[in-house]
Amino acid sequence: MTRTAETVFAGRLALLNAPVDVRAAGRLARYQAMLEDWNTRMNLTGDAGLEATLDRHFMDSLAPLQIAGLFPEGATLIDVGTGAGFPGLALAIARPDLQITLLDSLQKRLTFLDAVVDDLELPRVRTVHARAEDAARDPALRERFDVAVARAVASAPVLLELLLPFVCTGGQALCYKGPAAADELEGGAFAACLLGGAVPRALAVEVPLQPEWQHCVLACAKVRPTPERYPRKAGVPAREPLDTLR
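Residues numbered from 1 in each chain as written. Predicted model: local features only at pLDDT ≥ 70, side-chain atom pairs only at ≥ 80, totals over all residues. Heavy atoms only, no water.

A. Main features of the overall build of the protein chain. Check the secondary structure of the protein chain and you find nine helices and seven strands. A globule of 246 residues ought to have a C-alpha radius of gyration of about 18 Å, and the protein chain, at 17 Å, matches this closely. Along the first, second and third principal axes, the C-alpha atoms of the protein chain reach 55 × 35 × 30 Å. Within the protein chain, the proportion of its 246 residues that are buried is 56%. Of the contacts formed within the protein chain by residues at least 6 apart in sequence, a portion of 70% connects residues at least 24 apart. Of the roughly 10,700 Å² of accessible surface on the protein chain, a fraction of 52% belongs to carbon and sulfur atoms. (Helix = DSSP H or I, 4+ residues; strand = E, 2+ residues; numbered from the N terminus. Rg over C-alpha atoms; globule rule 2.2 N^0.38 Å. Buried < 20%, exposed > 50% of the residue type's maximum accessible area, 1.4 Å probe, protein only. Contact = heavy atoms within 4.5 Å. Areas by Shrake-Rupley, 256 points an atom, 1.4 Å probe, with all protein chains shown as cover.)

See the structure below:
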């Protein structure tokens, strides 16, 4: 970790209209350095350099912290399909009050994340190796979280089928989306109705120093338990999104 990287993160965090932990800049810089190092040995992300990841991954992950109420104090959160740890591990660093589970289907990614968690001494973070469809049927995980997040490239109906089964009634699912989110609201609303969710809302999110990015969070409150038949078997949600079954 270089002082320069920590300074860069500190500058970005200062522009984020949200309170973050005083250790966040240094820890994010260390996370980025480990990501860049490990990426030379395994494919965690395309370009792991600071310039490539600073806004696209790190600050994009943290930008929703600016929206009041999305991440309540001390909330339990699961990041479904966390990959290299975005957004879940970045959120854990900025908000160590959150109790975060990082879920992924590839063990090599979790090996990297475990190394970062150990290095940064993040006791409220754990990793789970499983596919989302299978993990959501585990009684220890099903409907156990205040918040479920995903930053995966998939349509709202697919993401909501993977997220809402993890969310307890009264919690919410948060899908990180780009400008196409508005086009997914109708299909997302249909899926949410089947899954125990309310009508999703598209909440605009501004990434510091990137005003041209049209990013948002698709937020779906959980209003009743998810029927036992959801999620469907592994791979089915992506092949047959719920909104196509109307």
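B. Main features of the sheet that holds strand 1 (residues 76-80). What the seven strands build is an open sheet, ordered 3-2-1-4-5-7-6; its pairing is mixed. Of all strands in the sheet, those with a lone pairing partner are strand 3 (125-129) and strand 6 (201-205), marking the two edges. Taken pair by pair, the neighbouring strands of this sheet meet at an average axis angle of 25°, ignoring direction. Summarising the sheet, strand 6 and strand 7 (residues 215-221) pair through five bridges and their orientation is antiparallel. (Pairing = 2+ DSSP bridges. Axes fitted to C-alpha atoms, helices over the stretch in contact; angles between N-to-C directions.)

C. Region of the structure containing the pairing of strand 1. The element strand 1 is extensively covered by neighbouring structure, given that five of its five residues are classed as buried. Covered by surrounding structure in strand 1 are T76, I78 and V80 together with L77 and D79, the residues of both alternating faces. In the sheet, strand 1 pairs with strand 2 (residues 99-104) via five bridges, with the strands oriented parallel. For T76, the partnering residue across the bridge sits in strand 2 and is Q99. Note on the crossover from strand 1 through helix 4 (residues 88-94) to strand 2: the handedness is right-handed. Note that strand 1 and strand 4 (residues 145-150) share three bridges and pair parallel. Bridging from a neighbouring strand, L77 pairs with V147 of strand 4. (Right-handed = clockwise from strand over helix to strand, strands pointing away.)

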